[in-house]
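# Geometric and topological summary
Given next are the chains, with one letter for each unit.
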Amino acid sequence: MDIEIKGKKILLIGNGFDLAHGLPTSYSFFLDFCDKIKETLLFPEFSNDDEWKKDIILNWDIDNSIKSKLYEWDKNTNNNLNKLFIEIYDNIKDNIWINYFLNIRYTLGKNWIDFESEISNIIQAFECIRDNIERRERIQQGEGSKVIKLEVVKGFVNISTEIEGLKELDLEDMYTNLKLFDVYIKKMTVDLDKLIRALEIYISEFINKIEVLQKNDDIKDINPDCVLSFNYSNTYERIYGQSNKIEYDYIHGKADITNNVNTCNLVLGIDEYLEECDRDNKLEFLPFKKFYQRIYKSTDSSYMEWVDEIRQNSECPYELYIFGHSLDKTDKDVLELLICNDNVQTKIYYHRKSNDDKKELGKLIRNLVRVIGAKELIRRTGGSHKTIEFIPQTLPGAD
């Protein structure tokens, strides 16, 4: 009798996984956190006053359960409290990106992909204006997209007029002077690194210490062999994955408090937007791109070994579970390698608020079209070649 050899189970998780466990990991929570840190340390006379910090936290206009967790974090940090608060403050003080997102946070979508998309819009506008400065072209009223791009850049730059280190920079001359323009771009690069380090502290010292009281019904019985996490937190590892047999790949880095702004390996950036003919030559904004950050920061790429194994064992069935990931095209290179294999059965869980809610399902389908194409999606969701299944997440309290 032939014995069927089964391949591995791979669980792929995104930020929706942490949110499903009640953790405040959306960018809006992080921005609120930064805002409160700035408010706490704004006045030097209060910077060492723990009662002042407590008052800030307890008056934070967020969910009470999250507020109490932050207060516990504050209370239990003890001697390290001021050190951590000050390190975060040093990274967000006069930070171009933090200031900008605090100004526009109520006009953006709710997901990290919306946050990254806004960064991409800004960077592409800067790229366009830099090209014009380099060619010494004047941007005349009526030139369409160039004028729009200039307005985007000016809107972003205007928040920098009072930032330390840029006060002496003639921001109006910057739009015609390449050297001044590049000084500002350098500041943008440095400040993105500082934002990422502040986020690392938030994840490692706050999110990773919030107790999760209940396991997710859709996840608890999967028992994967491999976990591919796009998150910076260790949520799956600390709640479900105590087994040493599980192989982890934190593809965008794993939050570690022992890092600093220079050693932090978290990836937070944008997708490639240049045409193929320009990608190898226009490199001024390369540090903002995810593929560059993954290489520069040496993030884990174990998933490539999993892909090799899947392809070498083409007759062996593998299972891929996707939970809490938006399937956005910014991660197309990774998603396509895993999903587009005939020996991989993919189950994609989608969030819903009620039994008949399919709003998120519609978004996932649209995003997957951008990742693998409509023809491939149709082939893989029906007929004899069906390898993709969309599954509604279990509603809280459901039997």
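Here the structure is shown first, and the text comes after it.
Residues numbered from 1 in each chain as written. Predicted model: local features only at pLDDT ≥ 70, side-chain atom pairs only at ≥ 80, totals over all residues. Heavy atoms only, no water.

### Focus: the overall build of the protein chain
In terms of regular secondary structure, the protein chain is built from 15 helices and six strands. Counting the 399 residues in the protein chain, one finds 49% classified as buried. For the protein chain, restricting intrachain contacts to residue pairs at least 6 apart in sequence, the fraction spanning at least 24 positions comes to 73%. For the protein chain, the accessible area works out to roughly 20600 Å², and carbon and sulfur atoms hold 47% of it. (Helix = DSSP H or I, 4+ residues; strand = E, 2+ residues; numbered from the N terminus. Buried < 20%, exposed > 50% of the residue type's maximum accessible area, 1.4 Å probe, protein only. Contact = heavy atoms within 4.5 Å. Areas by Shrake-Rupley, 256 points an atom, 1.4 Å probe, with all protein chains shown as cover.)

### A few points about the pattern of salt bridges
Taken as a whole and judged by the stated rule, the model has 24 salt bridges. Measuring nitrogen to oxygen at the nearest pair gives 2.9 Å for the salt bridge that ties R105 to D35. Of this pair, R105 sits in the loop between helix 6 (96-104) and helix 7 (112-134) while D35 sits in helix 2 (residues 27-40); the two residues are 70 residues apart in sequence, bridging distant segments of the chain. K254 is paired through a salt bridge with E237; the nearest N and O atoms lie 3.0 Å apart. Taken together, the positions of K254 in the loop between strand 3 (247-250) and helix 11 (290-296) and E237 in helix 10 (residues 235-239) put the pair 17 residues apart, joining distant regions of the chain. In this structure, a network of salt bridges that share partners links the residues E116, K290, R294, D331 and D333. (Salt bridge = Lys/Arg side-chain N within 4 Å of Asp/Glu carboxyl O.)

### Focus on the layout of surface pockets
Volume-wise, the second largest pocket comes out at about 450 Å³. D193, V261, N262, Y296 and K297 are, among the 17 residues lining the second largest pocket, the residues nearest its centre. Of all the secondary-structure elements, those providing two or more residues to the lining of the second largest pocket are helix 9 (178-205) and helix 11. Along the lines of polarity and charge, the residues of the lining of the second largest pocket split into eight nonpolar, five polar and four charged. (1 Å grid on protein atoms, 1.4 Å probe; cavity = no way out; pocket = protein on both sides within 12 Å on 5 of 7 lines; lining within 4 Å. Points joined across faces, edges and corners; volume = space filled by probe spheres on them. Nonpolar A, V, L, I, M, F, W, Y, C, P; charged D, E, K, R; others polar.)

### Comments concerning the nonpolar core
Membership of the largest hydrophobic core comes to 81 residues, with the highest contact counts inside it found for W97, F126, M188 and Y236. Examining the composition of this core, we find that 12 residues originate from one element, helix 9, more than from any other. Setting aside residues up to four positions removed in sequence, W97 forms contacts with I119, I122, I123, F156, M188, D191, L192, L195 and F288. In this structure, Y318, I322, L327 and V334 belong to the second largest nonpolar core, which totals 29 residues. (Core = buried A, V, L, I, M, F, W, Y, C linked by side-chain atoms within 4.5 Å.)

### Thoughts on the pairing of strand 1 (residues 9-13)
With respect to burial, strand 1 is a largely interior element, four of its five residues being buried. Here five bridges tie strand 1 to strand 4 (residues 318-323), and the two strands are oriented parallel to one another. Paired with L12 across the bridge in strand 4 is I322. Of the pairings in the sheet, the one linking strand 1 to strand 2 (residues 226-229) comprises four bridges and is parallel in character. Note on strand 2: the bridge partner recorded for I13 is S229. (Pairing = 2+ DSSP bridges.)

### Focus on unusual backbone geometry
The backbone of N223 sits at a positive phi, close to 50°, despite the residue not being glycine. Note on N223: relative accessible area 55%, which makes it exposed.

### Section: helix 13 (residues 332-339)
In an α-helix, one turn spans 3.6 residues; hence positions three or four apart end up facing the same way. Of the residues making up helix 13, those classed as buried are V334, L335, L338 and I339. Buried positions in helix 13, seen along its axis, are confined to an arc of 110° and lie on one side of it. (Arc of directions from axis to C-beta.)

### Observations concerning the sheet that holds strand 5 (residues 344-350)
As summarised here, the arrangement of the six strands in space is 3-2-1-4-5-6, forming an open sheet in which the pairing is parallel. Each end of this open sheet is capped by a strand with a single partner; those strands are strand 3 and strand 6 (388-392). Looking at each pair of strands side by side, their axes are set apart by 20° on average, direction ignored. Together, strand 5 and strand 6 form the strand contacts of helix 14 (residues 359-372), whose direction differs from that of strand 6 by roughly 155°. (Axes fitted to C-alpha atoms, helices over the stretch in contact; angles between N-to-C directions.)

### Let's talk about helix 14
Here helix 14 is 14 residues long and its end C-alpha atoms lie 21 Å apart, about the 20 Å a rise of 1.5 Å per residue gives. Looking only at helix 14, the buried set comprises L361, L364, N367, L368, V371 and I372. The buried residues of helix 14 all sit within an arc of 130° when viewed along its axis, so they share a single face. Elements in contact with the buried residues of helix 14: helix 13, strand 5, helix 15 (374-380) and strand 6. Phi turns positive one or two residues past the end of helix 14, at G373, with a value near 90°. (Expected span 1.5 Å × (residues − 1).)

### Observations regarding the packing of helix 12 (residues 303-312) against helix 13
Two elements in contact, helix 12 and helix 13, have axes separated by 9 Å at closest approach and are oriented at 25°. The orientation of helix 12 with respect to helix 13, classified from their angle, is roughly parallel. Regarding helix 12 and helix 13, the two cross each other, and that crossing is left-handed. Here Y303, M304, V307, I310 and R311 of helix 12 come into contact with helix 13, specifically with V334, L337 and L338. In the contact of helix 12 with helix 13, the residues fall into seven nonpolar, no polar and one charged. (Parallel < 35°, antiparallel > 145°, perpendicular 65-115°, else oblique. Left-handed = near helix turned anticlockwise from the far one by under 90°.)

### Observations concerning the packing of aromatic side chains
Applying the stated rule across the entire model yields 25 aromatic pairs. An angle of 40° between the planes, with centres 5.4 Å apart, marks the rings of F126 and F181 as tilted. Placement of the pair is F126 in helix 7 and F181 in helix 9, with a sequence separation of 55 residues. Of the two residues, F126 and F181, both sit in the buried class. (Phe/Tyr/Trp six-rings, centres within 6.5 Å; stacked < 30°, edge-to-face > 60°.)

### What about the environment of D94?
Mapped onto the elements, D94 comes out in the loop between helix 5 (81-92) and helix 6. Taking the C-alpha atoms as reference points, D94 and S160, 66 residues apart in sequence, are found 8.1 Å from one another.

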